[in-house]
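Below are the chains, spelled out letter by letter.
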Amino acid sequence: MFTTVTPESVGISSEKVLEFYKFIEDKGFQTHDLIMARGDKIFTESYWAPFNKDFKHRMYSVSKSFVGIAVGLAEQEGLLSLDDKFIKYFPEYADMADELLKEQTIRDMLSMRTVHRWGGENWVTAGRADRCESYFVKKSEKVPGIFYDYDSSASFMLGAIVERVTGMTFLDYLREKALKYAGFSDGAYCLKCPGGHSWSDSAIVCTPRDLLTFAKFVMDKGNIDGKNYINEEYMTKAVSKVCSNYSTVGSTYTTEGYGYQIWRVPENGFMFNGMGCQFAICIPEKDFIFVINSDNQGDAEGKKKIFDGVFEILLPALGKELPENEKAQEELEAYTSELKLNCLKGGNTSKTADKINGKKYELCENPMGIKWVKFEFDGNKGKIFWENEQGEKELPFGMGYNEFAKFPQTGYSDMIGAIHCEGNMYDCATSAKWDDEIKLVIRAQIIDKYFGRLAMSFAFKDDSIVVRMDKTAEHFLDEYVGTAYGTK
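Cut-offs and rules
Residues numbered from 1 in each chain as written. Predicted model: local features only at pLDDT ≥ 70, side-chain atom pairs only at ≥ 80, totals over all residues. Heavy atoms only, no water. Core = buried A, V, L, I, M, F, W, Y, C linked by side-chain atoms within 4.5 Å. Buried < 20%, exposed > 50% of the residue type's maximum accessible area, 1.4 Å probe, protein only. Contact = heavy atoms within 4.5 Å. 1 Å grid on protein atoms, 1.4 Å probe; cavity = no way out; pocket = protein on both sides within 12 Å on 5 of 7 lines; lining within 4 Å. Points joined across faces, edges and corners; volume = space filled by probe spheres on them. Helix = DSSP H or I, 4+ residues; strand = E, 2+ residues; numbered from the N terminus. Nonpolar A, V, L, I, M, F, W, Y, C, P; charged D, E, K, R; others polar. Disulfide = S-S within 2.5 Å. Phe/Tyr/Trp six-rings, centres within 6.5 Å; stacked < 30°, edge-to-face > 60°. Lys NZ or Arg CZ within 6 Å of the ring centre and 35° of its normal. Pairing = 2+ DSSP bridges. Patch = residues over 30% accessible without salt bridge, like charges linked within 9 Å, V, L, I, M, F, W, Y side chains within 5 Å. Areas by Shrake-Rupley, 256 points an atom, 1.4 Å probe, with all protein chains shown as cover. Salt bridge = Lys/Arg side-chain N within 4 Å of Asp/Glu carboxyl O. Lys, Arg positive; Asp, Glu negative; His and termini not counted. Charge placed at Lys NZ, Arg CZ, Asp CG, Glu CD. Axes fitted to C-alpha atoms, helices over the stretch in contact; angles between N-to-C directions.

What follows covers the nonpolar core. Ranked by size, the top nonpolar core spans 122 residues in total, and within it F66 and F375 carry the most contacts. Excluding residues within four positions of it along the chain, F66 makes contact with F170, L171, L174, L179, F184, I204, L211 and F214. Core analysis: the second largest hydrophobic core is formed by 39 residues, V265, I292, I306 and L314 among them.

Listed below in structure tokens is the structure:
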């Protein structure tokens, strides 16, 4: 279990910690939470409102690292061998597998040295009754066990193997066999895929403290309070450089090597890595764990900058216990207590707002299928109205701050990925600004079991409007991409 202490007591100044907070805030990231610890001592923990310590956050590909450890537990119990051909566990698909795929082992899959470059077919759009089938449809692209390529679907298949040999969800298995003894919560869960298996490559939903707990369990090689729960040899291998993952397009921080569903990082460290900047970065030699959850999807440079901050600001400053500094601690506390989810800022007023207030704009035929749009303004608060094939919609927004509501598109996936869920809507935070005198920009951030962003721009001239919409989200908001024009 963790205790909360001052930064100085674990060998870092409050000024340095505050410098890091300001560093990431200055970059305009969509940060949700942040925890830093040395050993079992948390020296800073913050949440960007409306996020809080009890919010269960979607961890995306951090989930893969949980799978890697679950496989190790199953091996320890004799339920599988890393050198088993993985097809052994899917006999119903044996006739679909080509010869290279039949040679692929569990060990190959753990280290992402599979026959596929990006996994099987796109299971979300394929619409198959069981996601497992999608892994066997695509022809093999290379010999297994040799070349690293990120294969997310292989991680899903590993999770499915664990679930088939244990008769439990892979997360329940991990929790029952080990994590509950470390304080991992009962409320954490994993979304599912068509066919019934957990969405184990992308969809663990847990608190930031849960992620911290798991990271410490892995950094301690499966030991909790002096008792070992999983083979230390396996745990050592899991976080080591099992294979090279060098890429000319990767950064220094993501090409240090790959273990068993776990990334290597500089300073002899390792990490769990989610696509929207969900990270747990562990530096064992400094007994340091850094946990952050964000939604910076699509911002590869943003991911690198967070790592820059960790390795250039925080790590060099970690040392021995320092004298307490109450003034610096109070400044850190004051700063972090005011953190809020990022929003569009500036440009709160424009003469154009009065001209378009309450006016309806009929749109030409467009990719979004939107028939018309209308805007209402009341001080620094506004609403956008529109009609598409689902009917009439409305969404509130704040000028320079976030308004919170349900994004009005219905039917998006809920507990089962890629499955229409009648009436389901996602929580969102929406802000707006006038980018110039005639251009209104609105940004809706989805903050639910699924994360994503919708950017909408509206430019006005005389009685005309031009609309542009784009999204950064995985498998939803697809209806809101395109350009249109219309008239008042």
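Still more ground to cover, so stick around.
Turning our eyes to something else, we now look at the layout of surface pockets. Here the largest pocket defines a volume of roughly 1,200 Å³. Contributions of two or more residues to the lining of the largest pocket are made by helix 5 (123–126), helix 7 (152–166), strand 10 (269–274) and helix 11 (300–314). Counting residues per element, the lining of the largest pocket draws most heavily on helix 11, which supplies three residues. Taken together, the residues that form the lining of the largest pocket break down as 13 nonpolar, 18 polar and 11 charged. As a volume, the second largest pocket reaches approximately 330 Å³. Lining the second largest pocket are 21 residues, and of these G411, Y412, S413, A418 and H475 sit closest to its centre. When grouped by side-chain class, the residues that make up the lining of the second largest pocket number nine nonpolar, eight polar and four charged.

Among the secondary structure elements, L318 is positioned in the loop between helix 11 and helix 12 (326–336). Assessed through its relative accessible area of 7%, L318 is described here as buried. In this structure the C-alpha to C-alpha distance between L318 and P396, which are 78 residues apart in sequence, comes to 45 Å. Excluding residues that lie within four positions of it along the chain, L318 makes contacts with G11, I12, R38, K286 and F288.

Next up on the list: the state of the cysteines. Counting across every chain of the model gives zero disulfides. Distance from the sulfur of C243, which forms no disulfide, to the nearest cysteine sulfur (C282) is 19 Å. Among the residues examined, C243 registers a relative accessible area of 8% and is labelled buried. With no disulfide of its own, C421 lies closest to C193 among cysteine sulfurs, the gap being 15 Å. C421 gets classed as partly exposed once you look at its relative accessible area, which sits at 27%.

Let's shift gears to empty space enclosed by the protein. In the structure shown here, the tally under the stated rule is one cavity of 30 Å³ or more. In this structure, the largest cavity spans a volume of roughly 40 Å³. As for the largest cavity, its lining consists of G120, E121, R131, S134, Y135, S153, F156 and M157. Contributions of two or more residues to the lining of the largest cavity are made by helix 6 (131–137) and helix 7. Tallied by class, the residues present in the lining of the largest cavity amount to three nonpolar, three polar and two charged.

This model, assessed by the stated rule, comprises 41 aromatic pairs. A network of ring pairs unites the aromatic residues Y361, F375, F377, F397, W434, F458 and F460 as a single cluster. Geometry around W199 places R58 over its ring, the cationic atom sitting 4.6 Å from the centre. The ring centre of W372 lies 4.3 Å from the NZ or CZ of K360, which sits over that ring.

A separate point is the sheet that holds strand 6 (residues 204–206). Taken in spatial order, the three strands make up an open sheet running 4-6-5, and their pairing is antiparallel. At either margin of the open sheet sits one strand with a lone partner, and together these are strand 4 (57–58) and strand 5 (189–190). Bridge count for strand 5 against strand 6 is two bridges, and the pairing is antiparallel. From the neighbouring strand, C190 faces strand 6, where its bridge partner is I204.

A few words on a negative patch on the surface. Together, E15, E321, E324, E326, E330 and E331 make up a region of like negative charge exposed at the surface. The element contributing the most residues to the negative patch is helix 12, with three residues. On the accessibility criterion, E324 (46% relative accessible area) is partly exposed.

What follows concerns the sheet that holds strand 2 (residues 31–38). Spatial strand order, 1-3-2-12-11-10-9: seven strands in an open sheet with mixed pairing. Edge positions in the sheet fall to strand 1 (3–4) and strand 9 (263–265), since each of these pairs with one other strand and no more. Across two bridges, the pairing between strand 1 and strand 3 (residues 41–47) is parallel. When the sheet's bridge partners are listed, T4 is paired in strand 3 with I42. In the packing of helix 2 (residues 62–76) onto the sheet, contacts are made with strand 10 and strand 11 (278–283), and the angle to strand 10 comes to roughly 120 degrees. Taken strand by strand, helix 9 (residues 208–219) contacts strand 1, strand 2, strand 3, strand 10, strand 11 and strand 12 (288–294), and its axis lies near 145 degrees from that of strand 12.

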